[in-house]
Amino acid sequence: MAPITATSAAVEPLRYVALGDSFASAPLVPPVDPANPACLRSLSDYPHIAAQALAAKLTDVSCSGATAEDLNTMQHPGTAPQFDSLTPDTDIVSVTIGGNDTDLFSEALGCVNILPQPHGTSCAEENTAGGTDKVRARIDAWGPAFSAVLDEIARRAPHAEVFVVGYGNYLRTNGCYPAQPFWKQDATYIQSAVNHLSAVLRQAAEEHGAAFVDTYNLGTGHDICAAPADRYIEGLVPTRAAAPLHPNAPGARAIGEALAAAVRTTSAG
């Protein structure tokens, strides 16, 4: 791909396709994309932020609730498979997927405990009973499906640079009970599961020659335990317009800027 400069971008904007789930589409962050209300996609999601920074021509087909299968099938009536947006002329592809395939959001909701210990059940203990981490095993079992996603992206957009955007920094070690209703061990467990999914995404990206964009480190100090004004990810009860446990507008901006920086670095290299 040619080096990205203001001049080249002005002459021929980069053709950028954004694929993914609600981590990419930033549901309920205003303004909502009117092109497909069912996807709850924001015009301020990280693909739009990155596209603006790169002066790129964006086709954003990210959709809340998407799984890897939805990339190749119609997720909602009138919603084309996300892969259909890819062409041999595509220059950049970003993708965040896997959270719904591995039921991480449902797992997090299942870890909520309103009452303090011992009045409840630890999801960390339940999921690791018997010496096997059920969530980690499920993520590992899904890994080949993501490799297939990257293969299909390469087949449909053979000249594109691909950027796999990892999941974020949701909960600090030991959490912040009761401000966010996850017991210490469960808060740590939830984030470890998210980190493992991102590690699987990173490994697949490296094996397929794609770039991995880390969003964990940029979220340090901006998790759901942070002061509301500092959060990049909203808590179970959002304090600004965003879906619970999803990026808010500042979070989407930070991720989009990190993605744009990664595109520039890859192009320069």
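The preceding data block contains the structure.
All figures in this text were calculated on a predicted structure; none of them were measured in a lab.

Focus: the state of the cysteines
Covalent bonding between the sulfur atoms of two cysteines is what defines a disulfide. Here the structure, examined in full by the defined rule, presents 3 disulfides. In this model, Cys39 is linked to Cys63 through a disulfide, with the two sulfur atoms separated by 2.0 Å. Residues Cys39 and Cys63 are joined by a disulfide whose S-S torsion is about -90°; by sign, that bridge is left-handed. Of this pair, Cys39 sits in the loop between helix H2 (22-25) and helix H3 (46-54) while Cys63 sits in the loop between strand E2 (57-60) and strand E3 (92-96), and the two are 24 residues apart along the sequence. The class for Cys39 is buried, based on a relative accessible area of 1%.

Remarks on the packing of aromatic side chains
Within the structure shown, the criterion is met by 2 aromatic pairs. Geometrically, the ring pair formed by Phe23 and Tyr167 is tilted, given 5.3 Å between the ring centres and 55° between the ring planes. On the criterion of sequence distance, the pair formed by Phe23 in helix H2 and Tyr167 in the loop between strand E4 (161-165) and helix H7 (184-207) is long-range, its members being 144 residues apart. Of the residues examined, Tyr167 reaches a relative accessible area of 7% and is grouped as buried.

Section: unusual backbone geometry
The peptide bond linking Gln117 to Pro118 adopts the cis configuration, its omega dihedral lying at 5°. Tracing the backbone shows Pro118 in the loop between helix H4 (104-110) and helix H5 (123-128). At the junction of Tyr177 and Pro178, the peptide bond is cis and its omega measures out at 5° in the coordinates. In this fold, Pro178 is placed in the loop between E4 and H7. For Leu40, which is not glycine, the phi dihedral falls at a positive 55°. Not every positive phi belongs to a glycine, and Ala55 is a case in point at roughly 55°. Topologically, Ala55 is positioned in the loop between H3 and E2. By relative accessible area, Ala55 is classed as partly exposed at 42%.

Some thoughts on the packing of helix H6 (residues 134-156) against H7
Running from N to C, H6 and H7 point in directions that differ by 30°, and their axes come no closer than 9 Å. Overall, the two elements H6 and H7 adopt an arrangement that is roughly parallel. Our pair here, H6 against H7, has a crossing hand that is right-handed. Contact with H6, carried on its side by Val135, Arg136, Ile139, Asp140, Trp142, Gly143, Phe146, Ser147 and Leu150, involves Tyr189, Ala193, His196, Leu197, Val200, Leu201, Ala204 and Ala205 of H7 and no other residues of that element. Each residue belonging to the contact of H6 with H7 can be placed in one class, and the counts come to 12 nonpolar, 3 polar and 2 charged.

Details of H6
Relative to the 33 Å expected for 23 residues at 1.5 Å per residue, H6 spans 34 Å between its end C-alpha atoms, a close match to the ideal helical length. Its maximal kink placed at Gly143, H6 deviates by approximately 30°, while the proline Pro144 follows within four residues. Of all the positions in H6, only Val135, Ile139, Trp142, Gly143, Phe146, Ser147, Val149, Leu150, Glu152 and Ile153 are classed as buried. Where H6 is buried, its residues touch strand E1 (15-20), E3, H4, H5, E4 and H7.

Overview of helix H8 (residues 249-268)
Counted at 1.5 Å a residue, the expected span for H8 with its 20 residues is 28 Å, and the 29 Å between its end C-alpha atoms agrees. All buried positions along H8 are accounted for by Gly251, Ala252, Ala254, Ile255, Gly256, Leu259, Ala260, Ala262, Val263 and Ser267. Close packing links the buried residues of H8 with E1, H2, H3, E3, E4 and strand E5 (211-213). Of the residues flanking the start of H8, the one acting as N-cap is Asn248, its side-chain oxygen 2.9 Å from the backbone nitrogen of Gly251.

With respect to the side chain of Asn127
Secondary-structure assignment places Asn127 in helix H5. Among the residues examined, Asn127 registers a relative accessible area of 11% and is labelled buried. Excluding residues within four positions of it along the chain, Asn127 makes contact with Glu107, Thr132, Asp133, Lys134, Val135 and Tyr189.

Calculation criteria
Residues numbered from 1 in each chain as written. Predicted model: local features only at pLDDT ≥ 70, side-chain atom pairs only at ≥ 80, totals over all residues. Heavy atoms only, no water. Disulfide = S-S within 2.5 Å. Helix = DSSP H or I, 4+ residues; strand = E, 2+ residues; numbered from the N terminus. Buried < 20%, exposed > 50% of the residue type's maximum accessible area, 1.4 Å probe, protein only. Phe/Tyr/Trp six-rings, centres within 6.5 Å; stacked < 30°, edge-to-face > 60°. Axes fitted to C-alpha atoms, helices over the stretch in contact; angles between N-to-C directions. Parallel < 35°, antiparallel > 145°, perpendicular 65-115°, else oblique. Left-handed = near helix turned anticlockwise from the far one by under 90°. Contact = heavy atoms within 4.5 Å. Nonpolar A, V, L, I, M, F, W, Y, C, P; charged D, E, K, R; others polar. Expected span 1.5 Å × (residues − 1). Bend = angle between axes of the 7 residues up to and from the residue. Polar contact = N/O pair within 3.5 Å; in protein donor to acceptor, adjacent residues only side chain to side chain.

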